[in-house]
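Notes for the structure review
Residues per chain, in single letters:
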There are 2 protein chains.
Amino acid sequence: MRRDIFQAIADPTRRGIITLIALQAMTPNAIAAHFDTTRQAVSKHLRILTECELVIQKQQGREIYYQLRLNKMKEIDKWLQQFRDMWEDRFNQLDDVLSTLKNKKK
Amino acid sequence: MRRDIFQAIADPTRRGIITLIALQAMTPNAIAAHFDTTRQAVSKHLRILTECELVIQKQQGREIYYQLRLNKMKEIDKWLQQFRDMWEDRFNQLDDVLSTLKNKKK
DNA sequence: TATATGTGCAACTTTTTGGTTTCGCAAATT
DNA sequence: AATTTGCGAAACCAAAAAGTTGCACATATA
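Report on the accompanying structure. Predicted model only: the values in this text are computed from it and were never measured. (Residues numbered from 1 in each chain as written. Chains lettered and ligands numbered in written order. Predicted model: local features only at pLDDT ≥ 70, side-chain atom pairs only at ≥ 80, totals over all residues. Heavy atoms only, no water.)

Counting from both sides, the interface comprises 32 residues of chain B and, opposite them, 32 residues of chain A. Considering only the side of chain B, the residues that lose the most area to chain A are L70(B), W79(B) and W87(B), jointly responsible for 19% of the buried surface there. Counting across the interface, chain B meets chain A through 2 salt bridges. We note a salt bridge from R84(B) to D77(A), for which the minimum N-O separation is 2.7 Å. There are 2 residue pairs in polar contact (both at pLDDT 80 or more) connecting chain B and chain A. Listed by contribution, the elements that provide at least two residues to the side of chain B that touches chain A are helix 1 (5-8), helix 2 (12-23), strand 2 (63-68), helix 5 (70-86) and helix 6 (90-105) of chain B. Of the residues contributing to the side of chain B that touches chain A, the split by class is 16 nonpolar, 6 polar and 10 charged. (Contact = heavy atoms within 4.5 Å. Buried area = accessible area lost by both parts, 1.4 Å probe. Salt bridge = Lys/Arg side-chain N within 4 Å of Asp/Glu carboxyl O. Polar contact = N/O pair within 3.5 Å; in protein donor to acceptor, adjacent residues only side chain to side chain. Helix = DSSP H or I, 4+ residues; strand = E, 2+ residues; numbered from the N terminus. Nonpolar A, V, L, I, M, F, W, Y, C, P; charged D, E, K, R; others polar.)

Here we come to the protein's contact with DNA strand C. The full set close to DNA strand C counts 22 residues, and K44(A), H45(A), T27(B), S43(B) and Y66(B) are the nearest of them. Taking all atoms of DNA strand C within 4 Å of the protein, the share assigned to sugar and phosphate is 58%. Side-chain polar atom of R62(A) to a base nitrogen of DNA strand C: 3.1 Å apart, as the coordinates give it. In this structure, I64(B) approaches DNA strand C through a main-chain N or O atom, which is 3.4 Å from a phosphate oxygen. (Near = heavy atom within 4 Å.)

Okay, structure coming up:
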């Protein structure tokens, strides 16, 4: 089973979960209430997110709070860095302008 | 068919292609030479990348050069922005330190 | 003109993924 | 003690994705 952050954030529901629990830890039931799926489906997403260490669990009685590991999110940022360097120079900005003009012609 | 950047970068080969053509446009054959797959498989990846506008084609005789659209890459950066704001404050950095200590105990 | 090369595309197969259902377990509540 | 609640996990299913093979169609080259 392939388990990396990029595969994890490919699913829109998982991105939703990530955004949701970024602010505060939540239980599976509470998370499921925000989406149009069952608790079990959310549970499966949380498992995937846990396996690639994007999320940590905090047991509290019979409830389990899931919290985002921001540190892991940085890895996406890290990968993006190589491109961020590029899109900041003038040459590529000019290229974008040309593409836009081309599209408008159609 | 779901076609968004997040699904596009989920595949490791596609991430490889993106990095490869970021510096200079390349033909499918040239790209395929860098990976352990067939030209057709690469062609399929390029189609997906084109469909979600991460890549543009430039025909030159019978060869087709594929080039990265850096502008589209910014969308990932844009999504990441909401988290970047968070991981820069002290509270979360403290949280990371605590997690690290916890892991070392095991 | 005949042949080689670079390519996209469609059909097919295999693998992966996301969801549902059902179950068991432990913690709360009655 | 009996019941409810919150949860993970396994088994199963449908849909999607990734790869393979074979083809057609241009553009080069002989």
